[in-house]
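Per-entry structural report
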Amino acid sequence: MPTTFTFGEFLGARSVIGSTLAELGDEHSNLFVLTPDIGATLVEFRDKFPDRFIDVGLAEQACVGIAAGLAYDGNIPVVSGMLPFLSMRALEQVRSDVCYPNLPVKIIGTHGGLVGNGGSTHYAVEDLALMCALTNMTVTSIGDPLMVGEIIRQSMTMTGPIYIRLAVGKKDKVLYEPGEHDVRIGKGIVAREGTDATIFTHGTTVAQALDAADELAKDGRSIRVVDMFTLKPIDEELIVRCADETGGRFVVLEDHLAYGGLASRIADVVADRGVRLTTFERLGIPQVYAGFGDDEELRNKHGYGPAATVAALRRAVSAQA
């Protein structure tokens, strides 16, 4: 009997990846799972389908290249590993071997943002900017562990590649009740309704944004929280609607470089669509190598922690149109 989880509990996204892929392996006889020596959470798939599980060792470029070859042969390859290396060490292979021929390779990984206390070499903080720049690539960043399984399932029918970004994936807060939202690749989720301002976010910072909205509610302020888990293609209509319905007051919060990620994607939509805003503030990692520390410590150090988020929302709601 399947285990169920409810809002506010903690669940490892890695375990969801493993169980989902094992389940999908029964449905899709051409599903292959590959990893560059990061396969501890893929044991269920490996044990059920050993002939369709490939561990290449510490060789991300080779892993992506083999996945491309499998896709050319009509298979559905999933690459699972650490994003700092899949997004940078294997960038040429992702671009030329996967995106150029528009192959259905799924890249799923952990350590997106300042998580894991591994130092700057082990943080994926430029990854969304890089992946969004690649032609044909769909780019997602997931905060709710239960959503991971749904996004993987939806990706099975995609004709092109997808990038699925997670945090460490060992202890993730369940943000939404099952069935509470219509989760669709390419569409944002209004995680909380509000009228005074909108905070856009993705991944691990969704929970932080919801907490900040609760804090503003104590002042009688109504903050809309948008989980923009798909950065590409981005939900342009939702962005326009939020500008109209929340006074053109935008804050963007993300565990990524402040320029190049979600904030830049939204700014492009605002400029291209001629959207009138009252205020626009981005909270993210400045142009520094972040150093060591746990994620909460580093967010506070670099100006996008809980207190900074609350302060930015207070500035936004006080801005005059």
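What comes next concerns the included structure. In this text the structure is predicted, and so the values were computed from the model without any measurement. (Residues numbered from 1 in each chain as written. Predicted model: local features only at pLDDT ≥ 70, side-chain atom pairs only at ≥ 80, totals over all residues. Heavy atoms only, no water.)

Description of the overall build of the protein
Counting its regular elements, the protein contains 12 helices and 14 strands. Its C-alpha atoms give the protein a radius of gyration of 19 Å, within 12% of the compact-globule value 20 Å for 321 residues. By its C-alpha atoms, the protein is 60 × 45 × 35 Å across when sized along the principal axes. The burial tally for the protein puts 55% of its 321 residues in the buried class. In the protein, 77% of the contacts between residues at least 6 apart in sequence involve partners at least 24 apart. (Helix = DSSP H or I, 4+ residues; strand = E, 2+ residues; numbered from the N terminus. Rg over C-alpha atoms; globule rule 2.2 N^0.38 Å. Buried < 20%, exposed > 50% of the residue type's maximum accessible area, 1.4 Å probe, protein only. Contact = heavy atoms within 4.5 Å.)

Thoughts on the sheet that holds strand S5 (residues 106–110)
Reading across from one edge, S3-S2-S4-S5-S7-S6-S12 is the order of the seven strands in this open sheet, with mixed pairing throughout. Strand pairing shows two members of the sheet lacking a second neighbour, strand S3 (53–55) and strand S12 (230–232), which therefore form its edges. Taking the axes of each pair of neighbouring strands and ignoring which way they run, one obtains an average angle of 20 degrees across the sheet. Sheet analysis places strand S6 (residues 138–141) next to S12, joined by two bridges and oriented antiparallel. Counterpart to valine 139 in the pairing with S12 is lysine 232. Sheet strands touched by helix H3 (residues 60–72): strand S2 (31–35), S3 and strand S4 (76–82). Its angle to S2, the strand with the most contacts, is close to 170 degrees. (Pairing = 2+ DSSP bridges. Axes fitted to C-alpha atoms, helices over the stretch in contact; angles between N-to-C directions.)

Concerning H3
Relative to the 18 Å expected for 13 residues at 1.5 Å per residue, H3 spans 19 Å between its end C-alpha atoms, a close match to the ideal helical length. For H3, the complete set of buried residues consists of Glu60, Cys63, Val64, Ala67, Ala68, Leu70 and Ala71. One side of H3 holds all its buried residues, which, seen down the axis, span an arc of 160 degrees. Elements that come into contact with the buried residues of H3 comprise S2, S3, S4, helix H4 (83–86) and helix H5 (91–99). Taken from the residues just after H3, glycine 74 is the one with a positive phi, measuring 90 degrees. (Expected span 1.5 Å × (residues − 1). Arc of directions from axis to C-beta.)

Structural notes on a negative patch on the surface
Taken together, the side chains of Asp294, Asp295, Glu296 and Glu297 present a region of like negative charge at the surface. Along the chain, the position of glutamate 296 falls in helix H11 (residues 295–301). (Patch = residues over 30% accessible without salt bridge, like charges linked within 9 Å, V, L, I, M, F, W, Y side chains within 5 Å. Areas by Shrake-Rupley, 256 points an atom, 1.4 Å probe, with all protein chains shown as cover. Salt bridge = Lys/Arg side-chain N within 4 Å of Asp/Glu carboxyl O. Lys, Arg positive; Asp, Glu negative; His and termini not counted. Charge placed at Lys NZ, Arg CZ, Asp CG, Glu CD.)

Observations concerning the pairing of S5
Burial within S5 is extensive, with five of its five residues counted as buried. Across five bridges, the pairing between S4 and S5 is parallel. Across the sheet, the residue bridging to methionine 82 is threonine 110, located in S5. With four bridges joining them, S5 and strand S7 (residues 162–165) adopt parallel strand pairing. What sits directly across from isoleucine 107, in S7, is tyrosine 163.

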